[in-house]
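If you want the building blocks of each chain, they are given just below.
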Protein chains: 2
Amino acid sequence: MQDSLITSLYQIGVIQFGEFQLKSGQTSSLYINLRKIISYPDLLRTISKRMWDTLKDHRFDVVCGVPYTALPIATCLSLEHNIPMVMRRKEKKDYGTKQSVEGVFTPGQQCLVIEDVITTGGSIIETAEELEKSGLNISHVIALIDREQGGKQNLEKKYTVDTVLSLSTILQSLLQADFVKPAEKTIIEQYLLERSAQ
Amino acid sequence: MQDSLITSLYQIGVIQFGEFQLKSGQTSSLYINLRKIISYPDLLRTISKRMWDTLKDHRFDVVCGVPYTALPIATCLSLEHNIPMVMRRKEKKDYGTKQSVEGVFTPGQQCLVIEDVITTGGSIIETAEELEKSGLNISHVIALIDREQGGKQNLEKKYTVDTVLSLSTILQSLLQADFVKPAEKTIIEQYLLERSAQ
């Protein structure tokens, strides 16, 4: 049976087919563009719920989304479960009260870091280190999708990492789905073939 | 009777007393730091509700928060009223799909711009112009607080602007409140005196 979350992500065009340049400089025939989820409040709520269910009984005092796409996810989780949020500013302000982590927290509190997709894990580490510098403890990271490019393993050297979906789970599911175009299935098969050859 | 929203904003320390340098370069004995609201989900929900009530029957297709503090407010309003959100990126990405406005929209749609506090109006204009370049129509802006420094009038040359509270409403209310420290009331009175002399 299809996972309705995967169906929704596909239908709004989160999984794109073509030729894309990744942050790492590599090219890929698949691109995961989760930024579109901000325009689907119901989907945002579903994502937040699935993350919450994945976290089970893990405890934390505050949540922080990695800018930008994970900010609305973190906000939704914060609102739904009444957990304070903090935000990391990407650029520091040079006026008013100077802080790189905004919001109310006390040093020593546990902060859950929320990300949309883990590729290399670089953005998560950058955000987590900034939070740690502000005195927060980071032990747990949750992301919607593991792109399976080593980022999760990289993060696991330091944090417990949960992901709701992996790219291969998504792709295997799409290969079985009626609504996926044959040309796209070919790209997926090719992608999986190349990955398994690596 | 005290407006419970003003009480909450005061109690979490949104209104700060001291000497602050504003973005404009001026100094002020009062600083409005709304960034703290992100750590109070209930308050975030109240703010979103008050904005919604202020908007009455104004219609729009999408909402956009001015980075950063208004992003969680926009997300909350989007979630509560099932209205798609778009986000303006402050820095453009040079990989993947290049866009300065993220999310799903069609040119010609009406976009409500959401801000936390209007000072000069500069950040709102910057965001609104970026949205307009992407084909969205902006006719309406809503902010929680009008700092009464000319920004609202400035914006009204081009947009309809609603605000939930004005700085003088907040200050007059705090002057009547038992819970405000006498030293702070003195600062408020001095501030109001200087303003009226301008």
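In this report, the structure presented in the accompanying data block is examined. (Residues numbered from 1 in each chain as written. Chains lettered and ligands numbered in written order. Predicted model: local features only at pLDDT ≥ 70, side-chain atom pairs only at ≥ 80, totals over all residues. Heavy atoms only, no water.)

Examining the overall build of chain A
Check the secondary structure of chain A and you find 7 helices and 8 strands. Taken over C-alpha atoms, the radius of gyration comes to 17 Å for chain A, in line with the 16 Å a tight globule of 198 residues would show. Seen through its principal axes, chain A has C-alpha atoms that stretch 55 × 35 × 30 Å. Out of the 198 residues in chain A, the part that is buried amounts to 54%. Considering only contacts in chain A between residues 6 or more positions apart, those separated by 24 or more positions represent 61%. Carbon and sulfur atoms provide 47% of the accessible area of chain A, an area that totals close to 8800 Å². Measuring between centres, the 22 positive side-chain charges of chain A sit 4 Å from its 24 negative side-chain charges. (Helix = DSSP H or I, 4+ residues; strand = E, 2+ residues; numbered from the N terminus. Rg over C-alpha atoms; globule rule 2.2 N^0.38 Å. Buried < 20%, exposed > 50% of the residue type's maximum accessible area, 1.4 Å probe, protein only. Contact = heavy atoms within 4.5 Å. Areas by Shrake-Rupley, 256 points an atom, 1.4 Å probe, with all protein chains shown as cover. Lys, Arg positive; Asp, Glu negative; His and termini not counted. Charge placed at Lys NZ, Arg CZ, Asp CG, Glu CD.)

Looking at helix α6 (residues 167–176) of chain B
What α6(B) keeps buried is the set B:Leu167, B:Ile170, B:Leu171, B:Ser173, B:Leu174 and B:Leu175. Taken together, the buried residues of α6(B) touch α1 (4–11), β1 (15–21), β2 (27–32), β7 (137–146), β8 (160–166) and α7 (182–197) of chain B.

Notes on the interface of chain B and chain A
Accessible area lost on assembly of the parts is the figure often given for the size of an interface. Between chain B and chain A, the residue contacts involve 40 residues of the former and 40 residues of the latter. Both sides of the chain B and chain A interface together cover about 3600 Å² of buried area, and 60% of this is carbon and sulfur. If you sort the residues of chain B by the area they bury against chain A, B:Arg35, B:Tyr68 and B:Leu79 come out on top, with a joint share of 21%. Between chain B and chain A we count 2 salt bridges in total. B:Glu102 is the salt-bridge partner of A:Arg35, the closest N and O atoms lying 2.8 Å from each other. Linking chain B with chain A are 10 residue pairs in polar contact (both at pLDDT 80 or more), by the criterion used here. Elements that contribute at least two residues to the side of chain B that touches chain A include exactly β1, α2 (41–55), α3 (70–81) and β4 (85–88) of chain B. Looking at which element gives the most residues to the side of chain B that touches chain A, the answer is α3(B), with 7 residues. For the side of chain B that touches chain A, a count of residues per class yields 19 nonpolar, 10 polar and 11 charged. (Buried area = accessible area lost by both parts, 1.4 Å probe. Salt bridge = Lys/Arg side-chain N within 4 Å of Asp/Glu carboxyl O. Polar contact = N/O pair within 3.5 Å; in protein donor to acceptor, adjacent residues only side chain to side chain. Nonpolar A, V, L, I, M, F, W, Y, C, P; charged D, E, K, R; others polar.)

As for the relation of the copies chain B and chain A
In screw terms, the move from chain B to chain A is a rotation of 180° and a rise of 0.0 Å along the axis, fitting with an RMSD of 0.0 Å. Both chain copies can therefore be described as sitting about a two-fold axis. In this assembly, 100% of the residues forming the interface of chain B have copies in chain A that are likewise at the interface, indicating an isologous arrangement. (Least-squares fit on C-alpha atoms with pLDDT ≥ 70 in both.)

A few points about the pattern of salt bridges
Tallying each qualifying case throughout the model produces 22 salt bridges over all chains. When the shortest N-O distance is used, the salt bridge between B:Glu132 and B:Lys158 registers 3.3 Å. Of this pair, B:Glu132 sits in helix α4 (residues 122–133) while B:Lys158 sits in the loop between α5 (151–156) and β8, placing them 26 residues apart in sequence. Put simply, B:Glu184 and B:Lys181 hold a salt bridge, and the shortest N to O gap is 3.7 Å. The exposure class of B:Glu184 is buried, given its relative accessible area of 12%. One network of salt bridges, in which partners are shared, links A:Arg35, B:Arg89 and B:Glu102.

Some thoughts on the side chain of B:Thr163
All names here are of chain B. Position of threonine 163 relative to the elements: it lies in strand β8. Of the residues examined, threonine 163 reaches a relative accessible area of 18% and is grouped as buried. Not counting residues within four places of it along the chain, the set of residues in contact with threonine 163 comprises Thr54, Ile118, Ala143, Leu144, Ile145, Asp146 and Lys152.

Quick look at the packing of α6(B) against α7(B)
Residues and elements named next belong to chain B. At their nearest, the axes of α6 and α7 sit 10 Å apart, and the two run at 140° to each other. The angle between α6 and α7 places the two elements in the oblique class. The chirality of how α6 crosses α7 is left-handed. Contact residues: Leu167, Leu171, Gln172, Leu174, Leu175 and Gln176 in α6; Lys185, Ile188, Glu189, Tyr191 and Leu192 in α7. Grouping the constituent residues of the contact of α6 with α7 by class yields 7 nonpolar, 2 polar and 2 charged. (Axes fitted to C-alpha atoms, helices over the stretch in contact; angles between N-to-C directions. Parallel < 35°, antiparallel > 145°, perpendicular 65-115°, else oblique. Left-handed = near helix turned anticlockwise from the far one by under 90°.)

Remarks on the environment of B:Gln149
All names here are of chain B. Note that glutamine 149 resides in the loop between β7 and α5. Placed 28 residues apart in sequence, glutamine 149 and glycine 121 show a C-alpha to C-alpha distance of 9.1 Å. Among residues more than four places away in sequence, those in contact with glutamine 149 are Leu22, Thr119 and Arg195.

Side note on the sheet that holds strand β4 (residues 85–88) of chain A
Hydrogen bonding along the main chain pairs the strands of a sheet, whether they run parallel or antiparallel. The 6 strands are arranged β5-β4-β3-β6-β7-β8 (chain A) in an open sheet whose pairing can be described as mixed. Only two strands of the sheet have a single partner each, and these edge strands are β5 (101–102) and β8 (160–166) of chain A. (Pairing = 2+ DSSP bridges.)

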